[in-house]
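Inside the fold
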Amino acid sequence: MPAYQRILLKLSGEALMGDDAYGINRATIVRMVQEVREVTQLGCEVAVVIGGGNIFRGVAGGSVGMDRATADYMGMLATVMNSLALADTMRQEGMTARVMSAIGIEQVVEPYVRPKALQYLEEGKIVIFAAGTGNPFFTTDTAAALRGAEIGAQVVLKATKVDGVYSADPKKDPSAKRYSSITFDEAISRNLQVMDATAFALCRDQKLPVKVFSIFKPGALKRVVQGEDEGTLVHV
């Protein structure tokens, strides 16, 4: 039995690049999808929020001097592209995924409707939430916290490049230690950049724990879902 019955997995767009400069690395997205499949086979219900940095960063040079709201909408569209790629890879791997967008583009993906999302999860489908919150000035971290709270997820799993939250940057400080668990207040007082402040405050207020782990570590997602000592749990 998994330790969590329903999870919200937050993936960065950059995670899809693999070693490429931008875009989607085929081998990387397939490996991530296979990790998600392992978790669904445990009986865990999975929702995903994905960023758009791998695509938007490739065009970000053109956004210099651009109105912030316009740039944010471009970023939202990048997350829709990533979500479609993720869902299609899942289909090819024998899984059923549904993409729900916070902005209306019905010809491409269906709109986000909470009862429908809950129904899909209960049916064992993977729900991919695209376009962030649908509002500029909010990050996909905040979208993950918001959707996680809305669907009643037991934990937000923040997939990163490092295998947890450290007392200092492990690349710069060899003596930095990984916290296996830490409270929201401790993370704030120590100025540990777990996720952006809005997302962090929302998770704390909703008593929604956040688990930070490395998506590049094979089997880490499965170990997290099974409740093993992987990554860092941030809790109330």
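Okay, so let's go over this structure. Keep in mind it's a predicted model, so treat the numbers as computed, not measured.

So, on to helix α3 (residues 68-92). For α3, built from 25 residues, the straight-helix expectation of 36 Å at 1.5 Å per residue is met to within 8% by its first-to-last C-alpha distance of 37 Å. Just downstream of α3, G94 is the residue with a positive phi angle, here 80°.

Turning next to the sheet that holds strand β10 (residues 210-214). As summarised here, the arrangement of the nine strands in space is β4-β3-β5-β2-β1-β6-β10-β11-β9, forming an open sheet in which the pairing is mixed. Each edge of the sheet is formed by a strand with only one pairing partner; in this case those strands are β4 (110-111) and β9 (181-183). As paired strands, β10 and strand β11 (residues 232-235) are joined by three bridges and run antiparallel to one another. Residue pairing in the sheet places K211 in a bridge with L233 of β11.

To continue, consider the pattern of salt bridges. Applying the stated criterion across every chain, the model contains 14 salt bridges. Put simply, R147 and E150 hold a salt bridge, and the shortest N to O gap is 2.6 Å. Of the two residues, R147 and E150 both sit in helix α5 (residues 140-150), three residues apart, roughly one turn of that helix. Residues D229 and R178 are paired through a salt bridge, measuring 3.6 Å at the closest nitrogen-oxygen approach. With D229 in the loop between α8 (220-225) and β11 and R178 in strand β8 (residues 178-179), the pair connects residues that are 51 residues apart, well separated along the chain. By sharing partners, the salt bridges in this structure join D163, K217, R223 and E230 into a single network.

Let's shift gears to the packing of aromatic side chains. Counted according to the given criterion, the structure contains two aromatic pairs. Seen from their ring centres, Y112 and F129 are 5.4 Å apart, and the 85° between their planes marks the pair as edge-to-face. One end of the pair, Y112, is in the loop between β4 and α4 (114-122); the other, F129, is in strand β5 (residues 126-130), with 17 residues separating them in the sequence. Judged by relative accessible area, which is 17%, Y112 ranks as buried. A relative accessible area of 2% means that F129 is categorised as buried. Here the aromatic rings of F184 and F200 are separated by 5.0 Å at their centres, their planes lie at 70°, and the arrangement is edge-to-face.

Separated by 59 residues in sequence, F129 and I188 have C-alpha atoms that sit 27 Å apart. The contact partners of F129, leaving out residues within four places of it in the chain, are L8, A47, V48, V49, I50, S83, M100, Y112, A117, R147 and I151.

The computed volume of the largest pocket comes to approximately 980 Å³. Counting only elements with at least two residues in the lining of the largest pocket, the list comes to α2 (53-59), α3, α5, β6 (155-160) and β7 (165-166). Per element, the largest residue contribution to the lining of the largest pocket is six residues, and it comes from α3. Here the lining of the largest pocket is built from residues that sort into 19 nonpolar, 15 polar and eleven charged.

Rules behind the numbers
Along each chain, residue indices are assigned from 1 in the same order as the chain's sequence is written. Given that this is a predicted model, residues contribute local features only at a pLDDT of at least 70 and side-chain atom pairs are listed and counted only at 80 or more, while totals for whole chains, interfaces and linings are drawn from all residues. For the side-chain quantities, the full set of heavy atoms in the structure was used; hydrogens and water were omitted. Numbering of helices and strands starts at the N terminus; helices are DSSP runs of H or I of at least 4 residues and strands are runs of E of at least 2. Helices are assigned an expected span. That span is 1.5 Å times one less than the residue count. The criterion for strand pairing is that DSSP finds at least two bridges linking the strands in question. Each salt bridge in this description consists of a side-chain nitrogen of Lys or Arg and a carboxyl oxygen of Asp or Glu lying within 4 Å of one another. Working definition: a ring pair exists when centres of Phe, Tyr or Trp rings (six-membered ring for Trp) sit within 6.5 Å. Plane angles under 30 degrees give stacked, over 60 give edge-to-face, the rest tilted. Per-residue accessibility, obtained with a 1.4 Å probe over protein chains only, is compared with the maximum for each type, and a residue is labelled buried under 20%, exposed over 50%, and partly exposed between these values. Only heavy atoms enter the contact rule, under which two residues are in contact if any of them lie within 4.5 Å. Two kinds of site are reported from a 1 Å grid over the protein atoms alone, namely cavities, where a 1.4 Å probe fits but cannot get out, and pockets, open sets with protein on both sides within 12 Å along at least five of seven lines, and residues are called lining when an atom falls within 4 Å of a point. Grid points are joined across faces, edges and corners, and a volume is the space filled by probe spheres set on the points. Gly is put with the polar residues, along with every residue not named as nonpolar or charged; the nonpolar set is Ala, Val, Leu, Ile, Met, Phe, Trp, Tyr, Cys and Pro, and the charged set is Asp, Glu, Lys and Arg.

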